[in-house]
Amino acid sequence: VLWEKETKEALLAESRMNIVSLAVGEWVNEYLDEALQRFTRKTYQEKKSAFSRFFQEAGVSSEMPVEDLTITLCRKHLNRQAKKRSGHAANKDRKNLAAAWGWGGENLENWPEGPNPFSKIRKFPEEREPRYVPPEKDFWKVLDATEGQDRVMLLAFLHLGARRREVFRLKWSDIDFEDSRVRLWTRKRRGGHQECDWIPMTTELRKVLREWWEERLSHNTADKEHVFVCLTESPFCEDYFGKPFVHRQHLMKRLCERAGVEHFGFHAIRHLTASILYRKGQPTSVIQAILRHKNPHTTSRYLRTLGLEDTREALEDSLAQPGKVIRLEQKSA
């Protein structure tokens, strides 16, 4: 019995020695190489920054074995991020690092067994201010102060409930005038896959897009396939002329100042679309289809603050003090 016990322990120790430990640096490089191919540049930079902080502030080296990344080590690092930056920032790092760990378990050999140390850490409390959604009248003021391509673009944002990059990437091949629909491409899905959805095109949007299509052909640009391209001929825009937009950082600020309304961005128009549909009584399922959310809970977060007026009306109707009966005194004859 003693010999059997000693032999088992010796064999177990030998098997452990033969296992080649996977280094943290190898894992990170493999993951970021694939992230660069799968995700947008912004998402890739977010993941890369999360790892940079992990290396610099958690005392992690590239040569360290992956199995040495304990829950305690990961928790202390994220705790520091929450105190130094914010709970929201720590949760973003937690999400990215946990996703990388899950990817390693699915794609790399010699991956350590056991739970994901980042997922085991509870999310940190967040204090996030709600996104500003402009009143509908402010949007129309901005639109009235806009003309040409910019006017068509703003209407596309409103009528499609689209994200910024989805509108900037629009090609004429994505516009189906015959069946009145628009194809939007997105990478905002799990795994970074590029997927498309067909969205119904309203009569008004169809009209302005067709008019813009006829005018667009008159502009002398090499790129004829994209719906919206830089048409500003100035020294500052010389390198971008005729190319699809990427950011347009100052456009909305300039248009809002011209219209005399509080500044809002392109993504706020997407929220405004959801808000208008909600106030018109459209069900969450319809709004989810237009916003193209895979998860209905994502749509619910969009609509969370949009029912305030309905709530106020319900409170007014339900909690109003009962009216008092005023007795009229009869005058003696």
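Here the structure is shown first, and the text comes after it.
In this text the structure is predicted, and so the values were computed from the model without any measurement.

**Q** Looking at this model, I keep getting lost on the overall build of the protein chain. Mind explaining?
**A** Within the protein chain, the secondary structure is distributed over 14 helices and three strands. Within the protein chain, counting contacts between residues at least 6 apart in sequence, those at least 24 apart form 58% of the total. For the protein chain, the exposed area adds up to about 21800 Å²; of that, 50% sits on carbon and sulfur atoms.

**Q** Please clarify how the nonpolar core should be interpreted in this entry.
**A** Within soluble globular proteins, side chains that are nonpolar generally end up buried alongside one another. Ranked by internal contacts, the top residues of the largest apolar core, which has 42 residues, are Leu-154, Ile-175, Phe-228 and Phe-264. Elements represented by at least two residues in this core include exactly α6 (136-144), α7 (148-160), α8 (164-168), β2 (181-186), α9 (203-216), α10 (251-259) and α11 (266-279). Here the element with the most residues in this core is α7; it accounts for eight residues. Each residue touching Phe-228, except ones within four places of it in the same chain, is listed here: Gln-149, Val-152, Met-153, Ala-156, Val-167, Phe-168, Leu-170, Trp-212, Pro-244 and Phe-245.

**Q** Looking at this structure, how should I read helix α3 (residues 41-57)?
**A** One full turn of an α-helix is made of 3.6 residues, so residues set three or four places apart face in the same direction. Taking 1.5 Å of rise per residue, 17 residues should cover 24 Å, and α3 covers 24 Å from first to last C-alpha, within 8% of that figure. Residues of α3 that are buried include every one of Tyr-44, Lys-47, Ala-50, Phe-51, Arg-53 and Phe-54, and no others. Positive backbone phi, approximately 70°, marks Gly-59, located one or two places after α3.

**Q** When you look at the pairing of β2 in this model, what are you seeing that I'm missing?
**A** Two faces, one strand: in a regular strand the side chains alternate between the faces of the sheet. For strand β1 (residues 175-176) and β2, the ladder comprises two bridges, and the chain directions are antiparallel. Directly across from Asp-176, in β2, lies its bridge partner Arg-181. In this structure, the hairpin formed by β1 and β2 is closed by a connection of four residues, where Ser-180 is found at a positive phi of approximately 55°. Note: β2 against strand β3 (residues 195-200), six bridges, orientation antiparallel. When the bridges of β3 are listed, Arg-183 appears paired with Trp-198.

**Q** Is there a simple way to think about the packing of α11 against helix α12 (residues 284-291) in this case?
**A** Helix-helix packing is described using two parameters, namely the angle between the two axes and the distance between the axes. Packing of α11 against α12 leaves a shortest axis separation of 10 Å and a crossing angle of 155°. Considering their axes alone, α11 and α12 lie roughly antiparallel with respect to each other. The chirality of how α11 crosses α12 is right-handed. On α12, the residues touching Arg-270, Ala-274, Leu-277 and Tyr-278 of α11 are Ile-287, Ile-290 and Leu-291. When its residues are assigned to classes, the contact of α11 with α12 shows six nonpolar, no polar and one charged.

**Q** Explanation requested: the sheet that holds β3 in the structure shown.
**A** Two orientations exist for strands paired in a sheet by backbone hydrogen bonds: parallel and antiparallel. A sheet is described by the order of its strands in space; here three strands give the open sequence β1-β2-β3, paired in antiparallel fashion. Both outer strands of the open sheet, β1 and β3, are each paired with one neighbouring strand and no more.

**Q** Looking at this structure, I do not really get the environment of Asp-93. What am I missing?
**A** Considering the arrangement of structural elements, one finds Asp-93 in helix α5 (residues 87-107). Residues Asp-93 and Arg-53 lie 40 residues apart in sequence; the distance between their C-alpha atoms is 9.0 Å. Asp-93 has contacts with Ala-50, Arg-53, Leu-78, Gln-81 and Arg-85, leaving out every residue within four places of it along the chain.

Definitions and cut-offs
Residues numbered from 1 in each chain as written. Predicted model: local features only at pLDDT ≥ 70, side-chain atom pairs only at ≥ 80, totals over all residues. Heavy atoms only, no water. Helix = DSSP H or I, 4+ residues; strand = E, 2+ residues; numbered from the N terminus. Contact = heavy atoms within 4.5 Å. Areas by Shrake-Rupley, 256 points an atom, 1.4 Å probe, with all protein chains shown as cover. Core = buried A, V, L, I, M, F, W, Y, C linked by side-chain atoms within 4.5 Å. Buried < 20%, exposed > 50% of the residue type's maximum accessible area, 1.4 Å probe, protein only. Expected span 1.5 Å × (residues − 1). Pairing = 2+ DSSP bridges. Axes fitted to C-alpha atoms, helices over the stretch in contact; angles between N-to-C directions. Parallel < 35°, antiparallel > 145°, perpendicular 65-115°, else oblique. Left-handed = near helix turned anticlockwise from the far one by under 90°. Nonpolar A, V, L, I, M, F, W, Y, C, P; charged D, E, K, R; others polar.

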